[in-house]
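# Residue-level structural notes
One-letter residues, chain by chain:
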Amino acid sequence: MAKLLKVNIQKELKEFDLDVDFELKKGCLGILGPSGCGKSMTLKSIAGIVNPDNGFISLNDTVYFDSSNKTNLKPQKRNVGYLFQNYALFPNMTVEENVAIGLGKDCDKNHLSEIIKRYHLNGLEKRYPRELSGGQQQRVALARIMAYGPDVILLDEPFSAMDTFLKEQLRLELVNSLNDFDGFSIMVTHNRDEAFQFCDELIILDKGKVIAKGDTHEVFENPKKVQVARLTGCKNISRIEIIDDYHVKSLDWGLELEVSKKVSPNITHIGIRAHDFSSAKEDDLNAFDTLGSSKIEMPFEWEITLANGLWWKYDKQIHEHEFVVPDYIKINPKNIILLEE
């Protein structure tokens, strides 16, 4: 039987009303949005930590929550693993004891050893959480969750408290763990790179409402709305005036540009991702000058700010320290994103 996780919930909050509706048939779902938009509240509702006011949550034939008939399974009956931001390890228990909780009272010592080894915790078995690094604590928490074989894993900003080096290392480890996991996983994040790397499907949440959902690559490539474009990392967004079916005037950059798709009347803005510009000749299509631009050197890219406010990111090698900004740059019509307010 095909697996299916269904979530359709509403909850009145102080700042806004949460209203989330989605179905997940496989893989990892990302919930991307700014802080305080309702992401964690959605996870807590699925786990049974928080009760929605109305709605329905089910996994296959098992109903977790149904407000219409007052069904509300307790968290321990939902077989959902929740990786909290602070990992929620028991401070007075060793690594081994924390992981063993996931296996129950009569746990198999050999099985416990296998899990300890799988999550690279060998040699740390007798340590307490306070004696572990952030990355080690996360591995213990994930091992404990995986030990009892959950149907759903909920990941709440799993890398928010880590430095860059540790974050990149653990991202790879978590990708491998999720690839081996046969159930569903849902990751809450405000980091667009994490969403893109981990998630097969993506929901964009803003003030409690789903403003976009679908295949992750498709949402990034065709965000459709201004706020979705911003949340997926589009640095250049401008209001427009429509000239004709394939030409617009940018009101914020002072440019007239050709686009590759027909501009419908509901299009109010355009977006250009910062890496999508290239050097040009004066008479090239969608070319414009770079007079008055400034540049900042980063380890692996140059950040060029143009006088009209556009931001260009140009890739470089770590040993390259010289870059002359070309007199003209251009944007391919197919890389101009048409957006609704």
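For the structure given in this document, a descriptive report is provided here. Worth saying up front: this structure is predicted, and the values here are computed from it rather than measured.

How each quantity is defined
- Residues numbered from 1 in each chain as written.
- Predicted model: local features only at pLDDT ≥ 70, side-chain atom pairs only at ≥ 80, totals over all residues.
- Heavy atoms only, no water.
- Buried < 20%, exposed > 50% of the residue type's maximum accessible area, 1.4 Å probe, protein only.
- Helix = DSSP H or I, 4+ residues; strand = E, 2+ residues; numbered from the N terminus.
- Pairing = 2+ DSSP bridges.
- Axes fitted to C-alpha atoms, helices over the stretch in contact; angles between N-to-C directions.
- Salt bridge = Lys/Arg side-chain N within 4 Å of Asp/Glu carboxyl O.

For an α-helix, the turn length of 3.6 residues means that residues three or four places apart are oriented alike. For helix α1 (residues 39-47), every residue scored as buried is listed here: K39, T42, L43, S45, I46 and A47. Phi turns positive, to about 90°, at G48, one or two residues after α1.

Further remarks concern the sheet that holds strand β15 (residues 269-272). The five strands lie next to each other as β14-β13-β12-β15-β22, forming an open sheet whose pairing is antiparallel. Across the chains shown, the open sheet's two edge strands, defined by having one partner strand only, are β14 (255-258) and β22 (337-339). Across the sheet, the axes of successive neighbouring strands diverge by a mean angle of 40°, strand direction being ignored. As paired elements, strand β12 (residues 236-244) and strand β13 (residues 247-250) share four bridges and run antiparallel to each other. Pairing of E241 across the sheet is with K249, part of β13.

Glancing now at the pattern of salt bridges. Here the structure, examined in full by the defined rule, presents 10 salt bridges. Of the charged contacts, one joins D182 and K3 as a salt bridge, the two residues approaching to 3.1 Å between their closest N and O atoms. Residue D182 is located in the loop between α5 (164-179) and β9 (184-189), and its partner K3 is located in the segment before β1 (5-12); the two are separated by 179 residues in the primary sequence.

Let us now look at the sheet that holds strand β17 (residues 287-289). In spatial order, the strands read β16-β21-β17; together these three strands make up an open sheet with antiparallel pairing. Edge positions in the open sheet fall to β16 (277-279) and β17, since each of these has one partner strand only. Neighbour-to-neighbour, the strand axes of this sheet turn through a mean angle of 35°, independent of strand direction. Where β16 meets strand β21 (residues 328-331), three bridges bridge the pair, whose relative direction is antiparallel. Bridge pairing in β21 links F277 to I331.

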